[in-house]
Amino acid sequence: MGGSVEFDYEKSSVSSIVEFSRRLSGKSLAEVVFIPREIVNSTNKGDLGSLVEAFFFGHKPGNEQGPDFPEAGLELKTTGVIQDSKKRFRAKERLVLTMVNFETLVEEEWATSSLLSKCGVMLILFYLYEKDRPVVDRRFVLEPMLHRMLERDWRVIQADWEKIRQMVRDGKAHELSEGDTLYLSACRKGAGGEREALRKQPFSPQGAKSRAFSLKPSYINVLIQGHPEADVLGLGHTATIEDAIARRLERFIGLAVDEIAEVFEVPQGPKGNKGFHRQLVLKMLAAGGNSVPELDKAGVELKTVRLTASGRPRESMSFPGFKFMGIVDEVWEESVFFEKLEKKFLLMAFQPDVNGKEIFIGAMLWNMPFQDRLEAKRVWEETRRRVIIDATDLPKISESSVAHVRPKGKNGADVIPTPQGGYHLRQAFWLNATYIGGIISSSLQTS
DNA sequence: GCATGATCATGC
DNA sequence: GCATGATCATGC
């Protein structure tokens with residue numbers, strides 16, 4: 001299998017390299033070039049990129065600092081995709097760009113940053129991830145994608161980069177979370193686990209987990225879907241997503257829910273329609289359309305918060321259910337609750353006015369602060385501990401200022417197995433109404 | 001007014 | 001068919 005290729009591309013030409021890479025389309029690396037047997041047997045995922053570089057492009061390893069093709073200023077990335085239930089391709093994980101160097105980042109400027117000089121122009125090759133298949137046998141799918149950071153989404157990515165730099169300058173490298181930023185994030189990268197050595201950061205004695213710049217899976221997903229560039233939020237007119245959201249929603253502040261519903265012809269639906277406010281909010285954000293790619297790219301969690309007259313949310317905020325038998329074998333950082341709490345949230349707030357008419361009072365982008373994530377972790381671990389002992393006795397709302405556990409099922413008969421050998425109502429994690437109320441009132445004018 | 005348990009419309 | 005986000009219902 002696999003013949004030899006001549007490396008007939010122009011090293012200094014981006015388009016020539018991209019054209020050449022198309023020879024991989026629909027094939028695996030081993031189908032296109034000869035790979036020694038001992039390498040074929042490797043399943044180390046990190047290897048495919050360097051194997052493509054070495055065997056397909058005929059590159060010698062090395063070149064630590066800059067892009068893989070220095071003469072063309074082009075960085076090569078290979079990344080895995082999987083197919084969802086509808087056979088659409090989705091990113092298997094975030095696209096890791098380059099390690100964050102806490103010491104040098106704080107001295108850098110975006111235009112001359114090491115990130116931009118290395119990854120400013122990327123050729124992204126997508127392969128179908130199949131767990132048990134050796135990397136060299138994984139098939140390249142989709143078309144090779146050329147991504148120019150300065151042409152696409154640079155406003156948001158630059159703001160993200162500056163946010164990360166600011167956190168390191170503030171001595172908060174150890175607090176970094178994916179939810180701090182929108183498209184570009186500082187993801188954990190390294191040995192992982194409890195034994196991982198922490199790195200030094202320049203403005204705090206606290207050690208920090210090693211991190212890499214990455215593009216979020218949600219961002220890659222929107223790229224993959226290949227929709228034409230859209231500017232639904234009007235980013236062309238503003239510096240940041242925050243500003244764009246504020247501009248878009250300004251016109252609705254103080255308007256009654258039924259007035260807004262009329263504008264967008266959103267039906268109240270049958271009595272008991274629990275998605276009405278959410279449908280409304282989507283229309284407001286999408287200016288009558290059905291999606292906001294800018295928010296999709298950032299993986300923003302849209303949440304509606306309906307306050308009582310006194311400013312407390314009417315309800316706590318629910319998250320996906322968990323299984324008793326599943327949580328027992330999980331670790332916090334791989335749990336669904338953790339993944340959700342690492343996200344950026346767009347909280348859309350409503351409150352009755354003096355006449356009792358419910359109005360839209362504003363929105364805020366929010367992600368959970370470090371200390372509160374630690375508290376959520378405590379509740380999660382306490383839940384896990386107690387599920388093992390007695391799955392019917394889990395953390396109540398009074399036990400934490402941040403989160404609690406409560407049923408979430410179809411009905412009272414919706415029970416699932418417990419480690420005790422019995423069955424109990426399906427449960428979920430919730431963020432306390434009072435906690436959410438505090439967040440809203442810290443930023444929005446409530447009555 | 002709030003904690004707790006129960007339930008439902010929706011979209012995929 | 002089912003998970004999800006959200007709301008309803010009850011009792012104190």
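Owing to the predicted nature of the structure, the values given are computational and were not obtained by experimental measurement.

Student: Where do I start with the sheet that holds strand β9 (residues 211-215) in this structure?
Tutor: Hydrogen bonding along the main chain pairs the strands of a sheet, whether they run parallel or antiparallel. Pairing within the open sheet is antiparallel, and its 3 strands lie in the order β3-β9-β6. Both edges of this open sheet fall to β3 (95-99) and β6 (184-188), since each of them pairs with a single strand only. The sheet shows a mean angle of 40 degrees between the axes of neighbouring strands, direction not considered. Across 5 bridges, the pairing between β6 and β9 is antiparallel. Among the inter-strand pairings, R188 is bridged to a residue of β9, identified as R211.

Student: Hey, could you run me through helix α4 (residues 47-56) in this one?
Tutor: For an α-helix the count is 3.6 residues per turn, leaving residues at separations of three or four pointing the same way. Of the residues making up α4, those classed as buried are L48, L51, V52, F55 and F56. Within α4, the buried residues cover an arc of 100 degrees as seen down the axis, which keeps them to one side. G58 sits one or two residues past α4 and shows a positive phi near 70 degrees.

Student: I would appreciate a short explanation of the nonpolar core in the present structure.
Tutor: As a rule of thumb, nonpolar side chains are buried together in soluble globular proteins. Counting residues in hydrophobic clusters, the biggest one holds 102 residues, and the most contacted among them are L29, L51, V52, L125, Y183, L347 and A349. With sequence-adjacent residues up to four places away left out, Y183 is seen in contact with D153, V156, I157, D160, L215, K216, Y219, K297 and A298. Within the second largest apolar cluster, 5 residues are counted, among which are F322, F324, I327 and V387.

Student: Before we go on, may I ask you to explain helix α9 (residues 241-250) in this structure?
Tutor: Taken as a whole, α9 has its buried residues at I241, A244 and I245. Along the long axis of α9, the arc covered by the buried residues comes to 100 degrees, so they all point the same way. Looking at the packing, one finds that the buried side of α9 touches α7 (154-169), α12 (293-298) and β13 (358-366).

Student: Honestly, the sheet that holds strand β1 (residues 75-83) in this entry has me stumped. Any pointers?
Tutor: The strand order across the open sheet formed by 4 strands is β2-β1-β4-β5, and the pairing between neighbours is mixed. The open sheet has two edge strands with one neighbour each: β2 (89-91) and β5 (140-148). Each neighbouring strand pair of the sheet contributes to a mean axis angle of 35 degrees, computed without reference to strand direction. Of the strand pairs in this sheet, β1 and strand β4 (residues 121-128) are connected by 7 bridges, and their pairing is parallel. If you follow L76 over to β4, its bridge partner there is L123. Each of β1, β2 and β5 touches helix α8 (residues 217-225); the most contacted strand, β2, lies at about 150 degrees to it.

Student: Any chance you could explain the domain arrangement of chain A here in plain terms?
Tutor: Bring the parts together and some accessible area is lost; that lost area is often taken as the interface size. By the assigned domains, chain A splits into domain 1 (14-225), domain 2 (230-298) and domain 3 (305-346 + 360-443). Centre-to-centre separation of domain 2 and domain 3, based on C-alpha positions: 26 Å. Opposite the 11 residues of domain 2 that make contact, domain 3 presents 8 residues. Contributions of two or more residues to the side of domain 2 that touches domain 3 are made by α9, α10 (257-264) and α12. The greatest single-element share of the side of domain 2 that touches domain 3, amounting to 3 residues, is contributed by α9.

Quick notes on the rules
Residues numbered from 1 in each chain as written. Chains lettered and ligands numbered in written order. Predicted model: local features only at pLDDT ≥ 70, side-chain atom pairs only at ≥ 80, totals over all residues. Pairing = 2+ DSSP bridges. Helix = DSSP H or I, 4+ residues; strand = E, 2+ residues; numbered from the N terminus. Axes fitted to C-alpha atoms, helices over the stretch in contact; angles between N-to-C directions. Buried ≥ 20, exposed ≤ 12 C-beta atoms within 10 Å, placed from the backbone. Arc of directions from axis to C-beta. Core = buried A, V, L, I, M, F, W, Y, C linked by C-beta atoms within 7 Å. Contact = placed C-beta atoms within 7 Å. Domains from an automatic or database assignment.

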